[in-house]
Structures are given as C-alpha cells and as structure tokens.
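Summary of structural features
If you want the building blocks of each chain, they are given just below.
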Amino acid sequence: MDITDIENTLIQVHQEIQDKKPDSTKVQASTCPLRDLPGFDSLLVPVAFRRLALKLGIQLPPDYRVPNLYVNPTTHQRLTIAEIAGEFYQRFGAKAA
C-alpha cells in the first residue's frame, strides 16, 4: 500500500459522504475537506478517519483517539486530501493491507 492507494481510498470515503448530500461536490486530491466540502467539519473527521482505516484493513481499538490529520498541528492550516493521505501514510503505511 502506497500513498496513492491511501489517497484514492480517502477520495472514495469523502465522495461517499458527499454523495449523501443534495449539494454533492466532486472530491479530488486537491480538495481541502474542511474548506471545500459543504457540511464537512471537525465532527466528521473521526468518521472519515475510521472509514479510511477500515477500507485499508487497519484495525483500530474502539477507544482509539483519532488524530486530526486534517489540520497541520504547527501552522493550523487545513490540509488537502493529498496532504492528509501523506500524514496517514507516515503513521500507518506499514500497517495498511
């Protein structure tokens, strides 16, 4: 599993979330979910994160505290799908199926 696989799966996860909304937006690698996707906010970050992990075959304990990979911890800048995939890969790449 490489960053491209994670990125494509993350796009799929976000597209599934968006498709349930009447104002669905096309999700791409350059999409910033917290800025560009209507209705997506910090409350949905754990949902998207857990769906991504599940689709990639990564088992998380029920009490696992989901990190906010959607915001840079230093600059507080909101990240794009491609950047989020890179952060996910750094933490979980070796565990992905």
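My aim in this report is to walk through the structure given alongside it, one point at a time. Note that the structure is predicted; figures quoted are calculated from it, not measured.

Before going further, it helps to examine the packing of aromatic side chains. Counting across every chain of the model gives six aromatic pairs. Pairing tyrosine 64 with phenylalanine 92 gives two aromatic rings, centres 6.3 Å apart and planes at 70°, and the pair type is edge-to-face. Of this pair, tyrosine 64 sits in the loop between α3 (45-55) and α4 (81-92) while phenylalanine 92 sits in helix α4, and the two are 28 residues apart along the sequence. Classification of tyrosine 64 by relative accessible area gives partly exposed; the value is 25%. Aromatic ring contacts, followed pair by pair, group Phe49, Tyr64, Phe88 and Phe92 into a single cluster.

Let's shift gears to unusual backbone geometry. Glycine aside, negative phi is the norm for most residues, and most peptide bonds take the trans geometry. Here the phi dihedral of histidine 76 falls at roughly 65°; this positive angle occurs in a residue that is not glycine. Relative to the elements of secondary structure, histidine 76 occurs in the loop between α3 and α4.

It is worth spelling out the environment of glutamine 12 at this point. On the secondary structure map, glutamine 12 appears in helix α1 (residues 3-19). With relative accessibility at 39%, the residue glutamine 12 sits in the partly exposed group.

Turning to the packing of α1 against α4, a few remarks are in order. Direction vectors running N to C along α1 and α4 enclose 125°, while the axes themselves pass 9 Å from each other. Taken together, the axes of α1 and α4 lie oblique to each other. Remark: the crossing between α1 and α4 carries right-handed chirality. Facing Ile3, Ile6, Glu7, Leu10, Ile11 and His14 of α1, the residues of α4 in contact are Ile81, Ala82, Ile84, Ala85, Gly86, Phe88 and Tyr89. Grouping the constituent residues of the contact of α1 with α4 by class yields 10 nonpolar, two polar and one charged.

Time to look at the pattern of salt bridges. In this structure the tally under the stated criterion is two salt bridges. When the shortest N-O distance is used, the salt bridge between lysine 55 and glutamate 16 registers 3.2 Å. With a gap of 39 residues between them, lysine 55 in helix α3 and glutamate 16 in helix α1 connect regions that are remote in the sequence. In this structure, the salt-bridge partner of aspartate 36 is arginine 35, at a minimum N-O distance of 2.9 Å.

Now for the nonpolar core. The biggest cluster of nonpolar side chains holds 26 residues, and the ones touching the most others in it are Phe40, Phe49, Leu52, Ile58, Tyr70 and Phe88. Put simply, the parts of the chain that give this core at least two residues each are α1, α3 and α4.

What follows covers α3. Taken together, the buried positions of α3 are occupied by Val45, Ala48, Phe49, Leu52 and Ala53. Down the axis of α3, the sector holding all buried residues measures 135°, keeping them to one side. Those residues of α3 that are buried are in contact with α1, α2 (33-36) and α4. Of the residues trailing α3, glycine 57 is marked for its positive phi of about 80°.

Here is what the cut-offs are and how they apply
- Residues numbered from 1 in each chain as written.
- Predicted model: local features only at pLDDT ≥ 70, side-chain atom pairs only at ≥ 80, totals over all residues.
- Heavy atoms only, no water.
- Phe/Tyr/Trp six-rings, centres within 6.5 Å; stacked < 30°, edge-to-face > 60°.
- Helix = DSSP H or I, 4+ residues; strand = E, 2+ residues; numbered from the N terminus.
- Buried < 20%, exposed > 50% of the residue type's maximum accessible area, 1.4 Å probe, protein only.
- Axes fitted to C-alpha atoms, helices over the stretch in contact; angles between N-to-C directions.
- Parallel < 35°, antiparallel > 145°, perpendicular 65-115°, else oblique.
- Left-handed = near helix turned anticlockwise from the far one by under 90°.
- Contact = heavy atoms within 4.5 Å.
- Nonpolar A, V, L, I, M, F, W, Y, C, P; charged D, E, K, R; others polar.
- Salt bridge = Lys/Arg side-chain N within 4 Å of Asp/Glu carboxyl O.
- Core = buried A, V, L, I, M, F, W, Y, C linked by side-chain atoms within 4.5 Å.
- Arc of directions from axis to C-beta.

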